[in-house]
Every structure is written in C-alpha cells, then in structure tokens.
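Architecture and fold: a report
For reference, the chains in residue letters:
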Amino acid sequence: MSASVHTDVATPDLRLAIAPEESLLRVEHATVVFDGFKALDIDSFAVRPNEVRVVIGPNGAGKTTLCDVISGKTKLASGRCVFDGTDITKWKDFQIARRGVGRKFQTPSVFGSLTVREHLELAAPASRGVGSVLRNRRPSGRDGEILAVARAVGLEPLCDVAAAYLSHGQRQLLEIGTLLIAQPKLLLIDEPAAGLSDTETAAMAKLLRRLAGSHTVIVIEHDMDFVRQLEADVTVLNEGRILAEGPMSAVQADPRVIEAYLGR
Ligand SMILES: Nc1ncnc2c1ncn2[C@@H]1O[C@H](COP(=O)(O)OP(=O)(O)OP(=O)(O)O)[C@@H](O)[C@H]1O
Ligand SMILES: [Mg+2]
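Let me sum up the structure you'll find in this document. Quick caveat, the model's predicted, so the values are computed rather than measured.

Conventions we followed
Residues numbered from 1 in each chain as written. Chains lettered and ligands numbered in written order. Predicted model: local features only at pLDDT ≥ 70, side-chain atom pairs only at ≥ 80, totals over all residues. Heavy atoms only, no water. Helix = DSSP H or I, 4+ residues; strand = E, 2+ residues; numbered from the N terminus. Buried < 20%, exposed > 50% of the residue type's maximum accessible area, 1.4 Å probe, protein only. Contact = heavy atoms within 4.5 Å. Areas by Shrake-Rupley, 256 points an atom, 1.4 Å probe, with all protein chains shown as cover. Axes fitted to C-alpha atoms, helices over the stretch in contact; angles between N-to-C directions. Parallel < 35°, antiparallel > 145°, perpendicular 65-115°, else oblique. Left-handed = near helix turned anticlockwise from the far one by under 90°. Near = heavy atom within 4 Å. Polar contact = N/O pair within 3.5 Å; in protein donor to acceptor, adjacent residues only side chain to side chain. Nonpolar A, V, L, I, M, F, W, Y, C, P; charged D, E, K, R; others polar. Pairing = 2+ DSSP bridges.

1. Let's talk about the overall build of the protein
Helix and strand counts for the protein stand at ten helices and ten strands. When each of the 264 residues of the protein is scored for burial, the buried share is 50%. Residue pairs in contact within the protein that sit at least 24 positions apart in sequence constitute 67% of those at least 6 positions apart. Accessible surface, the protein as shown: approximately 12,400 Å² in total, 53% of it carbon and sulfur.

2. Considerations on helix α1 (residues 63-71)
A large share of α1 lies buried, amounting to eight of its nine residues. Buried within α1 we find Lys63, Thr65, Leu66, Cys67, Asp68, Val69, Ile70 and Ser71. Looking one or two residues beyond α1, the residue adopting positive phi is glycine 72, at roughly 85 degrees.

3. Some remarks on the packing of helix α6 (residues 168-180) against helix α7 (residues 198-211)
For the pair α6 and α7, the least separation of the axes is 10 Å and the interaxial angle reads 15 degrees. The orientation of α6 relative to α7 falls into the category roughly parallel. Here α6 runs over α7; the crossing is left-handed. Between α6 and α7, the contacting residues are Gly169, Gln170, Gln172, Leu173, Ile176 and Leu180 on the first element and Glu200, Met204, Leu207, Leu208 and Leu211 on the second.

4. A closer look at the site of ligand 1
In the vicinity of ligand 1 there are 14 residues, among which Gly60, Lys63, Thr64, Thr65 and His222 approach most closely. Between ligand 1 and the protein, one listed contact pairs an oxygen atom with a backbone N or O atom of glycine 60 at 2.8 Å. Contacts to ligand 1 include threonine 64, whose side-chain N or O atom sits 2.8 Å from an oxygen atom. Computed on the free molecule, ligand 1 has an accessible area of 640 Å², of which 61% lies beneath the protein chains in the complex. Sorting the residues of the shell around ligand 1 by element identifies β2 (37-47) and α1 as the ones contributing at least two each. Broken down by element, the residue count for the shell around ligand 1 peaks at three residues, all from α1. Each residue belonging to the shell around ligand 1 can be placed in one class, and the counts come to five nonpolar, seven polar and two charged.

5. Re the pairing of strand β1 (residues 25-34)
Within β1, seven of the ten residues are buried, leaving the element largely enclosed by the surrounding structure. With nine bridges connecting them, β1 and β2 associate as antiparallel partners. Pairing of valine 27 across the sheet is with phenylalanine 45, part of β2. Hairpin connection of β1 to β2: two residues between the antiparallel strands, including aspartate 35 at a positive phi of 50 degrees. In the sheet, β1 pairs with strand β4 (residues 78-83) via five bridges, with the strands oriented antiparallel. Of the residues in β4, the one forming a bridge with leucine 25 is phenylalanine 83.

6. Side note on the sheet that holds β2
One open sheet holds the four strands; their spatial order is β2-β1-β4-β5, and the pairing between them is antiparallel. Each end of this open sheet is capped by a strand with a single partner; those strands are β2 and β5 (86-87).

This is the structure:
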C-alpha cells in the first residue's frame, strides 16, 4: 500500500521522517471507509513525545476522522495505530482514553450549572460521579491537583464560577482542564481557536505550547494566525491523504498545499 503514495507525485514529498523509536504515536497504512468512500488513506503519520503537531487541511480532508481513529471512536478498515509502544488498533475508546489519550471535540460541552472546580472534580479519575459532586459540594481531597490544573489553564480565579457564566474561550480552557486532570500523554484538540478573540487565541497558543513540555499535543486548526503562533510542525491533509508535512514555513511554500488549501 505504501507504494501508492509515489505514483502521482511529480515533486518530492515534503515529509517529516520520524523513526518508530522516536514516536509516541504512529498511524500506518491506515484507511477509513464510510459507505464505500475512503475518508482516510494515510501511509504514515508519526508524532514525537512532547511535541505540538498541527493538522490542517480543507473541510472534509479527514482531520477529525484521524482524531477519531486515534481515540478509538472510528475503526480502521486497514492499517494500524500504535500508541506508546502498544498496538491499539482494535482497542475500544475508553481503553485508549485510560491508556493516556485525551480528546477534545470541536464544540465545547460543559454543564452550565456546575462550577469550574466541580467540572475538574468530576473529571478526576475515580471520581465519585456527578451525583456525589452535586449532593456534597466539598472538594474530595484532591484540591491541590484541581487547583494546579485550574491555574495551568488560567481559570484559578474563576474556580467557583458556574460554567454558564464563562465566555466561549473560558469554556474551551475548562474543557482542556478536564482533560488534563487525567494526566494524558497525548491530547487531541479539535479547533480550539474557533470563535476566540485575538487575545484568547494568543493565550490558547501559549497554553498549548506550554503543555507540550509534558504532553504530546495534536491540534486540528483552520486559523493560520493561530497555527503560526503554535510554532509547531504541521501535517496537511487533503482528501484523506497526507499532502505535505514539516515546519509551517516550508508547508506554506509548498505549491500543492497552496493549490489545495492555503491559496483558496
Ligand atoms: N460518520 C461518518 N459517516 C460518513 N461519512 C463521514 C463520517 N464522518 C466523516 N465522514 C466524511 O469523511 C470525510 C472527512 O470528514 P472529517 O470530518 O474527518 O473532515 P475534517 O477534515 O475534520 O473537516 P472539517 O474541517 O470540516 O472539520 C468527509 O467527506 C465527511 O463527510
Ligand atoms: Mg473536523
């Protein structure tokens, strides 16, 4: 299958070369098929530990599908997915989450009546569940950990504020906080800058860059200003395939990327 990538390419591929021993995640020879339509056809997608990787590409390119595959929501028709040395291709989504993959979807989902602190308590492993949080509003002995996460995402001053009163940007930060509580190795974050102000966008970029010190972060994004602020390697998807991959400066100059995406 890997031979097929070379057939229709005139210019040399702009690609990152990441050896298996250097990678936290590898998606190899991977296809996803929906009703006969190949939504994903990836020869090799590899991510190093503690890097930020941005995935860009036009609508329908397969970006969310790639995250769905990594998180176990969607199963591969062929190929495999290796995370942290383990083949997780056939694992269920909750097993992959437990192994250290946190996923944030495009639209933030928070409970309006719960405070920032309560969201983080609920997300804590071995949480006693929503009922006990609602009945007994006392923190459950993990205050330090919860405050540290609230501080990390810049919401410490808002710990006792109900999510209904947060801005869209603050809700995005809260959702990232709920992921961090489980201390995932890999964070999959779908369009975190959508709908954010310039100031919030800059703060989000700074947060994700900082998280990369101790996590691997895969970010899907359309906002090119935000992508530049992430100062990360970029993978460009188009029609389910990897079109180009490398530093933003090189990707931006690639004629195929300009034609398929950036030049539009
Ligand atoms: N569950 C599904 N059933 C059928 N087709 C699907 C399904 N999920 C995605 N697709 C199709 O697969 C292709 C890739 O979709 P995907 O959502 O991964 O794109 P994307 O790159 O995330 O796009 P966007 O930038 O709009 O979010 C699209 O053609 C989409 O219509
Ligand atoms: Mg998407």
